[in-house]
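Each chain, letter by letter, is given below.
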Amino acid sequence: MVLSSADKTNVKGVFAKIGGHAEDYGAETLERMFATYPQTKTYFPHFDLGKGSAQVKGHGKKVAAALVEAANHIDDIAGALSKLSDLHAQKLRVDPVNFKLLGQCFLVVVASHNPALLTPEVHASLDKFLCAVGTVLTAKYR
Amino acid sequence: MSCVLGSLLSDSQGSFLEGHTSLQTDPCPASPAPRTPPSHGPSGRPGRGCGQGIKGPAGSGLSYGVCALLQPSRAATMVHWSAEEKQLISSVWGKVNVEECGAEALARLLIVYPWTQRFFDNFGNLSSPTAIIGNPKVRAHGKKVLTSFGEAVKNLDNIKKCFAQLSKLHCDKLHVDPENFRLLGDILIIVLASHFGKDFTPACQAAWQKMVRVVAHALAHEYH
């Protein structure tokens, strides 16, 4: 999966538009993921996953921050997320299929809040970007 | 209730069906077929369907039975829909412009996952997002596909049965990897989200993701 320069422009544009809402988007992404794909909750037995959970909000903020960081260093996502990649490989070991599920929910959040922003081309670029992030985070699994 | 196979078989896919001029479709039974003794129908395959539905090419030994509920394992895997899920699905569907959403969903599929274009060599110009979005065959086929979804919405308790013939078509004639059904389902969710905004709540998304998953599963069910 290679991000073209058009892809990179599109992705940066999305995150510029999202701006300060990124944290809320992160939280909503997780909320949707837990509702839609209940198996993802198995990674959070220690969390209160009820509506409005402060833990989910806090974690959503972290997830969003990582996506923003990746977008800001889009020429070297692997470098930007190297430590996160280590964490996922050594400690968290979230099964790779789940990154697609998170990605889907993030796209849904962007689409529902900014339909005009998510043109088909931008949709394609963002989907590729999210795949690339998932690939980086699982790259050191074995 | 009727299966949409008739309309789906008519136009641009017609080339697959040259020579099979006697195709007829049967409506989906409204309730599970009565248990009849396994029949050795024209196909010579015991126990497959009740002998109705589409007949394959003469001498092919293929028969596309409409009802395949004689095998207990299938009846045991009926999907359960809560009242809330049914309500969320129908209320969204009631507001969907099938032509627009269908066209958009298919166009996005071809744009976001360009390898899916492999099934549409005869669709003309798919060389750019603009070309794809404006392509009349894409629009028409998108409408057709989403209309078919509508049949699933109307027959939530019979989706597998309703799509049995379509499933065989996608396997035997169209040779579509079922992964594509999952991709299209995900795209449809995003299209719905962009149309309904905040009204497309997490509960709504969950119900619809289940719906598209069930449809994808039903379409893959007859693959062999």
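Per an unreviewed UniProt entry, chain B is named Hemoglobin subunit beta, and its organism is Lepidothrix coronata. The heading Subunit (unreviewed entry) in the UniProt record of chain B holds the text "Heterotetramer of two alpha chains and two beta chains." Under the Function (unreviewed entry) heading, UniProt states for chain B: "Involved in oxygen transport from the lung to the various peripheral tissues."

Within an unreviewed UniProt entry, the label attached to chain A reads Hemoglobin subunit alpha-A, and the organism entered is Lepidothrix coronata. UniProt annotates chain A under Sequence similarities (unreviewed entry) with the comment "Belongs to the globin family." For the record of chain A, the UniProt heading Function (unreviewed entry) holds the text "Involved in oxygen transport from the lung to the various peripheral tissues."

Description of the overall build of chain B
A tally of regular secondary structure across chain B gives 10 helices and 2 strands. Start at the N end of chain B and walk to the C end: the helices and strands fall as α-β-β-α-α-α-α-α-α-α-α-α. Nonlocal contacts in chain B, meaning residues at least 24 apart in sequence, comprise 72% of its contacts between residues at least 6 apart. For chain B, the accessible area works out to roughly 10600 Å², and carbon and sulfur atoms hold 56% of it.

Concerning the overall build of chain A
Broken down by element type, chain A carries 7 helices and 0 strands. Against the globule reference of 14 Å for 142 residues, chain A gives a C-alpha radius of gyration of 14 Å, in line with a compact fold. With the C-alpha coordinates of chain A rotated into their principal frame, the extents come out at 40 × 35 × 20 Å. For chain A, contacts bridging at least 24 residues in sequence account for 77% of all contacts bridging at least 6. Charge-centre separation for chain A: the mean point of 16 positive side chains lies 4 Å from the mean point of 13 negative side chains.

Details of the nonpolar core
Membership of the largest hydrophobic core comes to 87 residues, with the highest contact counts inside it found for Ile-77, Leu-126 and Phe-129 of chain A together with Ile-159, Trp-208 and Met-211 of chain B. Counting residues per element, this core draws most heavily on helix α9 (residues 179-196) of chain B, which supplies 11 residues. By size, the runner-up hydrophobic cluster in this structure holds 11 residues, among which are Met-33, Val-56, Val-63 and Cys-105 of chain A.

Digging into the interface of chain B and chain A
The interface of chain B with chain A comprises 22 residues on the first partner and 21 residues on the second. In total, chain B and chain A occlude about 1800 Å² of area from one another, counting both sides; carbon and sulfur atoms represent 59% of this. Joining chain B to chain A, the criterion identifies 9 residue pairs in polar contact (both at pLDDT 80 or more). Per element, the largest residue contribution to the side of chain B that touches chain A is 7 residues, and it comes from α9 of chain B.

Concerning the state of the cysteines
Residue and element names in this part refer to chain A. As enumerated under the stated definition, the model contains 0 disulfides over all chains in all. Sulfur of Cys-131: no disulfide; nearest cysteine sulfur belongs to Cys-105 and is 14 Å away. Of the residues examined, Cys-131 reaches a relative accessible area of 29% and is grouped as partly exposed.

Digging into helix α6 (residues 97-113) of chain A
Its 17 residues place the ends of α6 of chain A 25 Å apart at the C-alpha level, agreeing with the 24 Å of an ideal helix rising 1.5 Å per residue. Judged by how many residues are buried, α6 of chain A sits mostly within the fold: 14 of 17 residues are covered.

A few points about the UniProt feature "domain: Globin" (unreviewed entry) in chain B
The UniProt feature table records "domain: Globin" (unreviewed entry) at residues 80-224 of chain B. What you have in residues 80-224 of chain B is 71% helix and 0% strand, and the ends, taken at the C-alpha atoms, are 25 Å apart.

Some thoughts on unusual backbone geometry
Residue Arg-93 of chain A is not a glycine yet carries a positive backbone phi of 45 degrees. Along the chain, Arg-93 of chain A falls in the loop between α5 (82-92) and α6. What makes Arg-93 of chain A exposed here is its relative accessible area of 55%. Backbone geometry places His-175 of chain B, a non-glycine residue, at a positive phi of 55 degrees.

What counts and how
Residues numbered from 1 in each chain as written. Chains lettered and ligands numbered in written order. Predicted model: local features only at pLDDT ≥ 70, side-chain atom pairs only at ≥ 80, totals over all residues. Heavy atoms only, no water. UniProt positions renumbered as here; feature names shortened; annotations may be inferred. Helix = DSSP H or I, 4+ residues; strand = E, 2+ residues; numbered from the N terminus. Contact = heavy atoms within 4.5 Å. Areas by Shrake-Rupley, 256 points an atom, 1.4 Å probe, with all protein chains shown as cover. Rg over C-alpha atoms; globule rule 2.2 N^0.38 Å. Lys, Arg positive; Asp, Glu negative; His and termini not counted. Charge placed at Lys NZ, Arg CZ, Asp CG, Glu CD. Core = buried A, V, L, I, M, F, W, Y, C linked by side-chain atoms within 4.5 Å. Buried < 20%, exposed > 50% of the residue type's maximum accessible area, 1.4 Å probe, protein only. Buried area = accessible area lost by both parts, 1.4 Å probe. Polar contact = N/O pair within 3.5 Å; in protein donor to acceptor, adjacent residues only side chain to side chain. Disulfide = S-S within 2.5 Å. Expected span 1.5 Å × (residues − 1).

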